[in-house]
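Reading the structure
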Amino acid sequence: MRREQDELHRGIGMTSQRTRERLIQRLYEEGLSNAQVLEAIRRTPRHLFVDEALAHRAYEDTALPIGHNQTISQPYMVARMSELLLAAGPLDKVLEIGTGSGYQTAILAQLVERIFSVERIQGLQDRAKERMTELNLRNVVFRWGDGWEGWPALAPYNGIIVTAAASEVPQALLDQLAPGGRLVIPVGAGDVQQLLLIIREEQGFARHVLDAVRFVPLLNGPLA
Ligand code: SAH
């Protein structure tokens, strides 16, 4: 059993360690340089976060479907957003909006003290939970809810990451940011959005407009 599990995590063929190393090399060449982030990506078996039929593509630097019209984020974006979140030093309390497959969650769980992750689709959340257990990541707490509201009961957060595109920055997330806290969020209504880094300062917020990005939308309305 133990051996089978090792093999499952390590992967074979198109999910082998060598295939993974190529992805890390590519991210590095694209300018991602946070060694801890790259190491977390190297260690994390992304093929366990997609359907078996897509496992052979898990180490391509691309988003892939995860059902319910949603996608697992592209490794480049996961690395980029993690770097932005961690750029000012370690974080102890992070809120994530849009758990999806749980891949970004799993990467962050290895880099920060505690993660609180909100998802509106219960089926996705259930699978993500199973994956955290399987990978023995115990510092993640999940909530089924609407990310526009954040998770007020546990605020404030030192970092907030949103992995779906919001038409505007949700006020609740700004309110739930601790002093010095960092919010990384794609904003825009069209196919292409802007990645923003917003930092809570003593008075007000500093807002940095970064890359052009493509995310599925942060949805409103009833939970599915
Ligand atoms: N980081 C995830 C990306 C998932 S895609 C991964 O790597 O797998 C974006 C996710 O945001 C989807 O799972 C979608 O259901 C979720 N989402 C969209 N609108 C939301 C909302 N208002 N509240 C919470 N989650 C939301």
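Here, the structure is the one placed above.
Keep in mind that this is a model prediction, so the values were computed, not measured.

About the criteria used
- Per chain, residues are indexed from 1 in the order of the written sequence.
- Local features in this predicted model are restricted to residues of pLDDT 70 or higher, and side-chain atom pairs are both shown and tallied only at a pLDDT of 80 or more, whereas totals for entire chains, interfaces and linings draw on every residue.
- Side-chain measures here rest on the full set of heavy atoms in the structure, leaving out hydrogens and waters.
- In this description a helix means any DSSP run of H or I spanning at least four residues, a strand means any run of E spanning at least two, and both kinds are numbered starting from the N terminus.
- Here, two residues are considered to be in contact whenever any of their heavy atoms come within 4.5 Å of each other.
- Grouping buried Ala, Val, Leu, Ile, Met, Phe, Trp, Tyr and Cys residues that are joined through side-chain atoms within 4.5 Å yields what is termed a nonpolar core.
- Residue exposure (1.4 Å probe, protein chains only): buried if accessible area is under 20% of the type maximum, exposed if over 50%, otherwise partly exposed.
- Each C-beta atom gives one direction from the helix axis, and the arc is the one those directions make.
- Counting of polar contacts relies on pairs of N or O atoms within 3.5 Å, with two restrictions inside protein: one atom must be capable of donating a hydrogen and the other of accepting it, and residues adjacent in sequence are counted only when both atoms are side-chain atoms.
- The pairing criterion is simple: DSSP has to find at least two bridges between the two strands.
- What counts as an axis is a line fitted to C-alpha atoms, over the stretch in contact for a helix, and the angles between N-to-C directions run from 0 to 180 degrees.
- When a carboxyl oxygen of Asp or Glu is within 4 Å of a side-chain nitrogen of Lys or Arg, the pair counts as a salt bridge.
- Ring geometry is summarised as follows: Phe, Tyr and Trp rings, the Trp one being its six-membered ring, pair when their centres sit within 6.5 Å, and such pairs are stacked at plane angles under 30 degrees, edge-to-face over 60 and tilted between the two.
- If even one non-hydrogen atom of a residue comes within 4 Å of a molecule or strand, that residue is called near it.
- Methods summary: accessible areas were calculated by the Shrake-Rupley approach with a probe of 1.4 Å, and residue burial reflects only the protein chains presented.
- By the convention adopted, Pro, Cys, Tyr, Trp, Phe, Met, Ile, Leu, Val and Ala count as nonpolar, Lys, Arg, Asp and Glu as charged, and the other residues, Gly among them, as polar.

**Thoughts on the environment of I66**
Turning to its location among the elements, I66 is positioned in strand β1 (residues 64–67). Each C-alpha atom of the pair I66 and F49 lies 8.2 Å from the other, and the pair is 17 residues apart in sequence. Aside from chain neighbours lying at most four places away, what touches I66 is F49, T71, I72, G100, S101 and L124.

**Focus on the nonpolar core**
Counting residues in each nonpolar core, the largest one holds 50 residues, and the members touching the most others are I41 and F49. Elements with a minimum of two residues in this core: α2 (17–29), α3 (35–43), β1, α4 (75–86), α5 (103–109), α6 (122–134), β5 (140–144) and β8 (193–200). Here this core gets seven residues from one element, more than from any other, and that element is α4. Leaving out residues up to four positions away in the same chain, F49 has contacts with T44, I66, I72, S101, G102, Y103, A106, R131, M132 and L135. V118, Y157, L177 and L183 belong to the second largest nonpolar core, which has 21 residues in total.

**Concerning α3**
Note: α-helices contain 3.6 residues per turn, so residues at a spacing of three or four share the same orientation. Of the positions making up α3, those classed as buried are V37, L38, A40 and I41. Taken down its axis, α3 places every buried residue within 160 degrees of arc, on the same side. Away from its buried face by more than 90 degrees, α3 exposes A35 and Q36. Where α3 is buried, its residues meet α2, α4 and α5. Where α3 begins, the capping side chain belongs to N34, and its oxygen is found 2.9 Å from the backbone nitrogen of Q36.

**Regarding the sheet that holds strand β7 (residues 177–187)**
One open sheet holds the seven strands; their spatial order is β5-β4-β3-β6-β7-β8-β9, and the pairing between them is mixed. Strands at the two margins of the open sheet, each flanked by one partner only, are β5 and β9 (205–213). Across the sheet, the axes of successive neighbouring strands diverge by a mean angle of 15 degrees, strand direction being ignored. With seven bridges connecting them, β8 and β9 associate as antiparallel partners. Each residue of the ladder has a partner; that of L197, found in β9, is H208. Across the sheet, α4 is in contact with β3 (93–97), β6 (157–162), β7, β8 and β9; its angle to β7 comes to roughly 160 degrees. In the packing of α6 onto the sheet, contacts are made with β4 (114–119) and β5, and the angle to β5 comes to roughly 170 degrees.

**Considerations on the pattern of salt bridges**
Applying the stated criterion to the full structure yields eight salt bridges. For D211, the salt bridge is made with R80, and the minimal N-O distance between the two is 2.7 Å. Taken together, the residues D211 in strand β9 and R80 in helix α4 connect sequence positions 131 residues apart. Via salt bridges that share partners, E21, E39, R42 and R43 belong to a single interconnected network.

**Some remarks on the packing of aromatic side chains**
If you walk through the whole model with that rule in mind, you get three aromatic pairs. Consider the rings of F49 and Y103, whose centres lie 5.5 Å apart with planes at 70 degrees: the pair is edge-to-face. One end of the pair, F49, is in the loop between α3 and β1; the other, Y103, is in helix α5, with 54 residues separating them in the sequence. Taking relative accessible area as the criterion, F49 reaches 1% and is therefore assigned buried. Here the aromatic rings of F116 and Y157 are separated by 6.1 Å at their centres, their planes lie at 55 degrees, and the arrangement is tilted.

**A closer look at the site of the ligand**
If you check the shell around the ligand, you find 26 residues, and the closest are S101, E119, D146, G147 and L219. One of the backbone N or O atoms of G147 is found 2.7 Å from a nitrogen atom in the ligand. Surface burial for the ligand is 100%, taken as the share of its 570 Å² of free accessible area covered by protein chains. Among the elements that take part in the shell around the ligand, strand β2 (residues 70–72) stands out by supplying three residues, more than any other. Along the lines of polarity and charge, the residues of the shell around the ligand split into 11 nonpolar, 12 polar and three charged.

Nothing here speaks to function; it is geometry throughout.
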